[in-house]
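Structure assessment
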Amino acid sequence: MKRLDRLISDISDASRLDAELQRQDMAPVDLRRLLTTLTSVANETRLGHDVAVEARFEGRSSSDIFLVPGHDSRLGQVISNLLSNAQSFSEPGGKVRILCRRARSEIEIVVDDDGPGIRPDALERVFERFYTDRPHQGFGQNSGLGLSISKQIIDAHGGRIWAENRLGRKGSDGEPTIAGARFVVRLPAL
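Remember, it's a predicted structure, so these values are computed and weren't measured experimentally.

Focus: the overall build of the protein
Within the protein, the secondary structure is distributed over 4 helices and 7 strands. Its helices and strands in sequence order give the protein the pattern α-β-α-β-β-α-β-β-α-β-β, from N to C terminus. A burial count over the protein gives 41% of its 190 residues as buried.

Some remarks on the side chain of Ser 150
Note on placement: Ser 150 falls in helix α4 (residues 146-156). Setting aside residues no more than four positions away along its own chain, Ser 150 makes contact with Val 78, Asn 81 and Ile 161.

Considering α4
Within α4, the full set of buried residues consists of Leu 147, Ser 148, Ile 149, Ser 150, Gln 152, Ile 153 and Ile 154. At the C-terminal side of α4, Gly 158 shows a positive phi close to 75°.

Re helix α2 (residues 31-45)
Taking 1.5 Å per residue as the helical rise, α2 with its 15 residues ought to reach 21 Å, and the 21 Å between its terminal C-alpha atoms agrees with that figure. Turning to α2, its buried residues are Leu 31, Leu 34, Leu 35, Leu 38, Thr 39 and Ala 42. Along the axis of α2, the buried positions cluster into a sector of 130°, meaning they face one direction only. Relative to its buried face, α2 has exposed residues pointing more than 90 degrees away, namely Arg 33 and Glu 44. Tucked inside the fold, the buried residues of α2 contact β1 (27-30), β2 (52-58), β3 (67-70), α3 (72-89), β4 (95-103) and β5 (106-112). Between the side-chain oxygen at the start of α2 and the backbone nitrogen of Arg 32 there is a gap of 3.0 Å, and the oxygen is on Asp 30.

Let's talk about the sheet that holds β4
Across the sheet, which stays open at both edges, the 5 strands sit in the order β2-β4-β5-β7-β6 with mixed pairing between neighbours. On the outer flanks of this sheet lie β2 and β6 (160-170), each paired with one strand and no other. Averaged over neighbouring strand pairs, the angle between their axes works out to 20° when direction is ignored. With 7 bridges connecting them, β5 and strand β7 (residues 176-188) associate as antiparallel partners. Across the sheet, Ile 107 pairs through a bridge with Leu 187, a residue of β7. The strands touched by α2 are β2, β4 and β5; relative to β2, the strand with the most contacts, the crossing angle is about 165°.

Calculation rules
- Residues numbered from 1 in each chain as written.
- Predicted model: local features only at pLDDT ≥ 70, side-chain atom pairs only at ≥ 80, totals over all residues.
- Heavy atoms only, no water.
- Helix = DSSP H or I, 4+ residues; strand = E, 2+ residues; numbered from the N terminus.
- Buried < 20%, exposed > 50% of the residue type's maximum accessible area, 1.4 Å probe, protein only.
- Contact = heavy atoms within 4.5 Å.
- Expected span 1.5 Å × (residues − 1).
- Arc of directions from axis to C-beta.
- Polar contact = N/O pair within 3.5 Å; in protein donor to acceptor, adjacent residues only side chain to side chain.
- Pairing = 2+ DSSP bridges.
- Axes fitted to C-alpha atoms, helices over the stretch in contact; angles between N-to-C directions.

Below, the structure is given as structure tokens:
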């Protein structure tokens, strides 16, 4: 029943999303302020996980502005989802890292965790509706819509989102080990 309620809520949110994004005008969103606030909230609530969140901003100076045109509540929803996922896949006592920087005419947000990473065949599938791969969770704990909705929001903002694995030291077979998952969001800068 809990899974059904979550599915209905997430499907309803996804179907309202397109109409809402088309109806509302975009306004400048200060990503430094948004990410700082979301980092504070994630650290205060920990969402049932003992995993800290750290945000870093790379620029020419500490006063660099990271503005994008958009809907702050929906961009906040994307980052909250990425943080929640990263925390849920991290070991207790671990850390999730957010990096925000300018990449030419775009602002890039990178969310890294130290979890098990993503199977290579699932790097694109994680953005499909209802896809979930959480063997450590029981059935019904996750709707499989969070990343699909996140992609829909980023696409509507003229941006891109993708997943990759962070590579670690070489293992005994000479191949690099997976050090965790990385989600990258790029949005047009103002």
